[in-house]
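# Structural overview
These are the residues of each chain, in order.
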Amino acid sequence: MIERTLSGCPPEPRLPKGTVDAQMHMYLPGFPSLPGGPPLPAEPLPDVTAYRGVMDWLGIDRVIITQGNAHQRDNANTLACVGAMGAAARAVVVIDETTSDADMRALSASGAVGARIMDLPGGAVGLDALEAVDARAHAADWMIAVQFDGNRILDHLPRLERIRSRWVLDHHGKFFAGVDPDGPEIAALLKLIDRGNVWFKFAGVYESSRAEWPYEDVAAFSRRIADHAPERIIWGSNWPHNMIRKTEDYPDDARLAELVLGWLADDRAKHLALVENPEHLFKLPAFAAA
């Protein structure tokens, strides 16, 4: 059991209308974990009702539900969650070279707008399938969420430069060994971003920071990237924080959002990251307040 905080004082300043949570996971009963991935998150399952509480608390209007590693290549849970969430939700799912045109059409009809590459332990589809996934995603006008050990970005650079789809580098780049904001890795990343089809995701800072709160190591290069290209930053809550297994370690989502969004230069940059940039990356319709 873990006690997840689902309500409290909202972030200050308040998130703008139309805010998109571009990185989170959600789980429904009846979808067990599969071999090759991690177990399901600690009970109680972080489900639709729980997340709607978080949306109300933080001021989130739209959400991208990312396929969790626990379910590997079976997208059924994620698509069921999108169905339960309705028009506010879209999905980033797992595909590979075996995914047919008919499969892609069915996934799109069920709310899928992107594919996940997760080249870390427990990931369902890694960089070995990058070109095949890119071909399928590009044909469907999907995006790709790409995650790997960011300290190896120079090794992967030729392949990353050839991606034709819109894509986002996940989780602050996952520079596990740390990175110099003025070093070659960040310089290479900025050149990738300048190509026009690359975004950078603020989410899950605690997963790769080598420092305690307020995570100044990740803050330093995240500010550098955001200052360089505010039109290429997106944000995600990373709820339900699957790497956190103890109640006492569980983050306060409002304070975490305040911290990370505070690395953006001004209100205009925040509106881009929370509303306009995810609309472009995920091809979402422009937000219309009810």
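To be clear, the structure that these remarks concern was listed above.
Residues numbered from 1 in each chain as written. Predicted model: local features only at pLDDT ≥ 70, side-chain atom pairs only at ≥ 80, totals over all residues. Heavy atoms only, no water.

The next point concerns the pattern of salt bridges. Opposite charge on two side chains allows them to pair when their charged atoms are near. Counted by the stated rule, this structure contains 15 salt bridges. In this structure, Glu279 engages Arg62 in a salt bridge whose closest nitrogen and oxygen atoms are separated by 2.9 Å. With Glu279 in helix α9 (residues 267-282) and Arg62 in strand β2 (residues 62-66), the pair connects residues that are 217 residues apart, well separated along the chain. Both residues of the pair, Glu279 and Arg62, belong to the buried class. The closest approach of N and O atoms between Arg73 and Asp96, which form a salt bridge, is 2.4 Å. Here Arg73, found in the loop between β2 and α2 (76-85), pairs with Asp96, found in the loop between β3 (89-93) and α3 (101-109); they are 23 residues apart in sequence, far enough to count as distant. Each of the salt bridges in this network shares a partner with another, and the network as a whole consists of Asp141, Arg166 and Lys283. (Salt bridge = Lys/Arg side-chain N within 4 Å of Asp/Glu carboxyl O. Helix = DSSP H or I, 4+ residues; strand = E, 2+ residues; numbered from the N terminus. Buried < 20%, exposed > 50% of the residue type's maximum accessible area, 1.4 Å probe, protein only.)

Here we take up the pairing of strand β4 (residues 112-118). Along β4, seven of the seven residues are buried, which leaves the element largely enclosed by surrounding structure. On the question of chirality, the crossover connecting β3 to the parallel β4 by way of α3 is right-handed. For β4 and strand β5 (residues 143-147), the ladder comprises five bridges, and the chain directions are parallel. Counterpart to Arg116 in the pairing with β5 is Ala145. With respect to chirality, the unit in which β4 leads through helix α4 (residues 130-140) into the neighbouring parallel β5 is right-handed. (Right-handed = clockwise from strand over helix to strand, strands pointing away. Pairing = 2+ DSSP bridges.)

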